[in-house]
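Coordinates in review
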Amino acid sequence: MFASLMLVSIPQAQAQTETTTQGSADSVQKSVTVAAGDLRTALDQLADQFDLQLVVQGDLSGLQSSALAADMSARDALENLLAGSGYGFEFVSEDSVVIHPVANQTSGAEEKLILPELVVTATRSQRSIATMSPSVVVIGSDQIEAQMGKSSDITNVIRNNVPGFMFDDQSLIASTETFRGRDVQVLVDGIARNTPLRDSSRILSMIDIAQVDSIEVIPGSNAMNGDGATGATINIITKTGEVGKNVFVVDTHVKSYTDDIGDSFSPSLTLSGSGGFGAVDLAASVTAAQTGNAYDGYGNQVPSDAMLGQGGFDNAENLNVFGKAGVTVADGHRLFLSSEVVRFRQDIEYYSDLTTDPVSVDYDSPYLAQPLEDESQYFTAGYEYDFGKIGTGDLKLFYNDSYKQAARAEYHSTYNFALVALADSPAQEDPLGQSVIDTVKYGVKLSTDTDLDVVYDGLTLTWGGDLTFDDVKYRTVSGRDIGAPMEQDGKAVFAQLSAPVSEYVDLSGGVRYEKFDLTVKDFTRPNYMRYVGGVAQAFFGSAAFTGGNTTYDAVTYNASAVVHWTKRFDTSLSYSEGFSVPDVGAYTRRAGVQGVPLSFDDIDVDASKVKTYELAARYNGGNFRSTGAIYMSTNDRGNNFDNDTNQLSQEKERIIGAELTGEYDISDDTYIGALASYVEGRYDTNEDGDLDSWLPNNRIPSPFRFTGYVDSYVWGDLNMRFDGTYTAGRYKIEDEKIKPSLVFNLSGNYPLLGGTARFGIENILDTSYENPAATALRGYSVAGHGRTITLGYRREF
């Protein structure tokens, strides 16, 4: 219905455009002064001089413009600034201009879309996206801002733009946010946020989208940034101030569930700014948010802790403070310092009732334990350099300190069958027995691009290394170790060669060697208790765990060939390797339980190396754009935890899949698109070499996902986007069926009072559905969220 309304309104919008393009603002002559440099900055300067409201379709990142200094109209100035950029403009009212991609006519009758040169840094080099696999995606700032009307969650932005990224479980844990059935490595400005020795999974959910400039997504296994990237690498690029462009932004929104607008009322306010003076660039943001209750499509309140200790976004307070400062000390040399501080607290009101289908709020059992908390801080200091023939690159020093306190989960004979007991009263639960993951990670990263044109024209060597240190403590709130304390030293070196063989072929290949020295310390695993018929009793006593030392090391390789068949059509063939270290901390917590060894020497765990083979293609035909990929990833030692045996199993695995995206421009104001992905996998359960079983649902909650959308400017400069996502059910595991779901959303942006008004409706039809990721993770039915309405306003000064 919404899509139909948007489509039938296109002629009205076009007619309105025809009657407004001859307004006064586009013909009045003014003295225009615009500095050469970044195109988006130049357009903003021009808009200030003519009091114009700009609406940008597409992403202007990386585009440059020449200087302007003359008497001219806004129309003439825009034509000069956008000349050769691949973008055009249209006055949709006297003071509103839409900047949009255009197709240029060549000397033949062929149309060619001119795209900006996007550069990807997650590969540890400054590589053009045109020389990489078509499956690589860069989500620019304009795309991020356009989708914030519906949600400010980074995971939603990624999922709406990248196939292969699984539906999230709508909680803080996000451990089911897999990519192609495997783990995701999250970087912020090239620095890893993952803590694989004891993975808390609260990563993307804790990053404030207000500080994000762009998002780079590299599908497939990748070891260039260390362990963890067996499914994909996601690199969050934060904002950097620009000298000469001082901007202050106020961004606020409120969100509510339509089932109870008052109790679910959730306000948020962001104050941010960027700019610079002289040689100094600055950027900062502060976001404060508060949330109320959440409701599902059945009209019932969603449990605050449906995932047993991992919490959710409801009934919470969140504060995120980000800052970055840089100084250019000489041409090609810059020093910078960035920091991010996160404070999150969820005050749960009631426990969850796991006996209902789906899991519900247990109003007869008020929550009286400690709140769920996240107190984390991240610091990075860097030096960007250009030493001529030696190369250009950066040296980064980082320090990450995170404290992640889980919520208390009630006793359940199946899903939570043991609670930490007091040391001197084995039948009494420890009131401060909630778990805390306290991690410190610091290190140094060096990356350099060296031109080797003297050897071969266009040949580039990317080289560098990493030194890292991890300190992990897994304790109760009272300070008792529930998992072995661990320390890990990491060392790595890498080298990557890339070169254009001709104007039609780009080749790249590299190698990385990584070594980890892990120390697992002795500890006494606490005693546990349980409830039988409501009566507390001792369950099993404390046990001494003997630690030890081990070394993980891996040599990983990658190679790719990109063929530019025409100016519109590219293909690539690639091979890459990545590896991950098992969650040792979670395993030592179970020491002495159901046969789990009490000595680290008896735990046979090893790093899991994943090999990915991919064939991908990209077509860019002006009005129609498409990418596609088929892939297979294999490994001889997976990381699957068997809940029945309480043991980590590392068997042979194989995952296959396919991804497809497409967009078509119906007109200058409207385009439609779709994303589709398929993934499925098997593994060897009895270690006989045959892939005899399907991978568990917590690895692949759904084998197929499809998202379709239409984006249009209707009734003038109102931009609206309608989308729907179908997530297929999975029926491979007996007695563990995952149901399908279909959800529709609507969002919009409208220039108002010098800023942008936004609105969004998630789950328009208030559909009752089962969240596939959450259900797969815990093994019981968890309902998805119901209809929400978001209203927001953003203004730049």
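Criteria and cut-off values
Residues numbered from 1 in each chain as written. Predicted model: local features only at pLDDT ≥ 70, side-chain atom pairs only at ≥ 80, totals over all residues. Heavy atoms only, no water. Helix = DSSP H or I, 4+ residues; strand = E, 2+ residues; numbered from the N terminus. Buried < 20%, exposed > 50% of the residue type's maximum accessible area, 1.4 Å probe, protein only. Contact = heavy atoms within 4.5 Å. Areas by Shrake-Rupley, 256 points an atom, 1.4 Å probe, with all protein chains shown as cover. Pairing = 2+ DSSP bridges. Axes fitted to C-alpha atoms, helices over the stretch in contact; angles between N-to-C directions. Salt bridge = Lys/Arg side-chain N within 4 Å of Asp/Glu carboxyl O. Phe/Tyr/Trp six-rings, centres within 6.5 Å; stacked < 30°, edge-to-face > 60°. Lys NZ or Arg CZ within 6 Å of the ring centre and 35° of its normal. Core = buried A, V, L, I, M, F, W, Y, C linked by side-chain atoms within 4.5 Å.

From N to C terminus, the protein chain includes eight helices and 49 strands. Looking at the protein chain as a whole, 57% of its 797 residues qualify as buried. A separation threshold of at least 6 residues defines the contact pool for the protein chain, and within that pool the share at least 24 residues apart is 67%. A total of about 32000 Å² of accessible surface is found on the protein chain, and carbon and sulfur atoms cover 55% of it.

Next up on the list: the sheet that holds strand β34 (residues 535-540). With antiparallel pairing, the four strands of this open sheet are ordered in space as β27-β26-β33-β34. At either end of the open sheet lies a strand with only one pairing partner, and these are β27 (425-429) and β34. Taken over all neighbouring pairs, the strand axes of this sheet differ in orientation by 55 degrees on average, direction set aside. Bridge count between strand β26 (residues 419-422) and strand β33 (residues 528-532): two bridges; the pairing is antiparallel. In the strand pairing of β33, Val 420 is matched with Tyr 528.

Throughout the structure, instances matching the rule amount to 32 salt bridges. Glu 653 serves as the salt-bridge partner of Arg 182, at 3.0 Å between the closest nitrogen and oxygen. With Arg 182 in the loop between α6 (154-161) and β13 (184-188) and Glu 653 in strand β42 (residues 653-665), this residue pair connects regions lying 471 residues apart in the sequence. Both residues of the pair, Arg 182 and Glu 653, belong to the buried class. One salt bridge in this structure joins Asp 471 and Lys 473, with 3.1 Å as the shortest N-O distance.

By the criterion of burial, α6 is predominantly enclosed, with eight of the eight residues buried. Listed as buried for α6 are Ile 154, Thr 155, Asn 156, Val 157, Ile 158, Arg 159, Asn 160 and Asn 161.

Moving on: the packing of aromatic side chains. Here the structure, examined in full by the defined rule, presents 21 aromatic pairs. Relative to Tyr 442, the ring of Tyr 399 has its centre 6.2 Å away and its plane inclined at 15 degrees; by these criteria the two rings are stacked. Of the two residues, Tyr 399 is situated in strand β25 (residues 392-405) and Tyr 442 in strand β28 (residues 435-451); the sequence distance between them amounts to 43 residues. In textbook terms, an aromatic cluster arises when at least three aromatic residues are bridged by ring pairs, as seen for Phe 417, Tyr 528, Phe 539 and Phe 540. Seen from the ring of Tyr 631, Arg 180 lies directly overhead, with NZ or CZ sitting 4.0 Å from the centre. When the ring centre of Trp 694 is taken as reference, the NZ or CZ atom of Arg 682 above it lies at 4.4 Å.

Below, the discussion takes up unusual backbone geometry. The omega angle of the peptide bond from Asp 357 to Pro 358 is 0 degrees, so this bond is cis rather than trans. In this structure, Asp 189 takes a positive phi of about 55 degrees despite not being glycine. Mapping Asp 189 onto the fold places it in the loop between β13 and β14 (191-192). The class for Asp 189 is buried, based on a relative accessible area of 18%. With phi around 65 degrees, Asp 735 is a residue other than glycine that occupies positive phi space. Take Asp 735: it is sitting in the loop between β46 (718-727) and β47 (741-752). Take Asp 735: its relative accessible area is 69%, and that puts it in the exposed class.

This brings us to the pairing of strand β19 (residues 280-290). Note: strand β18 (residues 266-277) against β19, 10 bridges, orientation antiparallel. Following the sheet pairing, Gly 276 is matched in β19 by Asp 281. Between β18 and β19, which pair antiparallel and follow one another directly, the connecting turn spans two residues, one of which, Gly 278, has a positive phi of 60 degrees. Where β19 meets strand β20 (residues 316-330), 11 bridges bridge the pair, whose relative direction is antiparallel. Counterpart to Gln 290 in the pairing with β20 is Glu 317.

With that settled, the discussion passes to the nonpolar core. In this structure, Leu 43, Leu 46, Leu 78, Leu 81, Val 97 and Ile 99 are the most contacted members of the largest nonpolar core, which totals 25 residues. At the level of elements, β1 (29-34), α3 (39-50), β3 (53-56), β5 (68-73), α4 (74-82), β6 (87-93) and β7 (96-101) are the ones that each hand at least two residues to this core. The element best represented in this core is α3, accounting for six residues. Beyond its immediate stretch of four places on either side in the chain, Leu 81 contacts Val 34, Leu 39, Ala 42, Leu 43, Leu 46, Ser 65, Ser 66 and Leu 68. The next biggest cluster of nonpolar side chains, apart from the first, holds 23 residues, and it includes Phe 165, Ile 203, Ile 234 and Ile 236.

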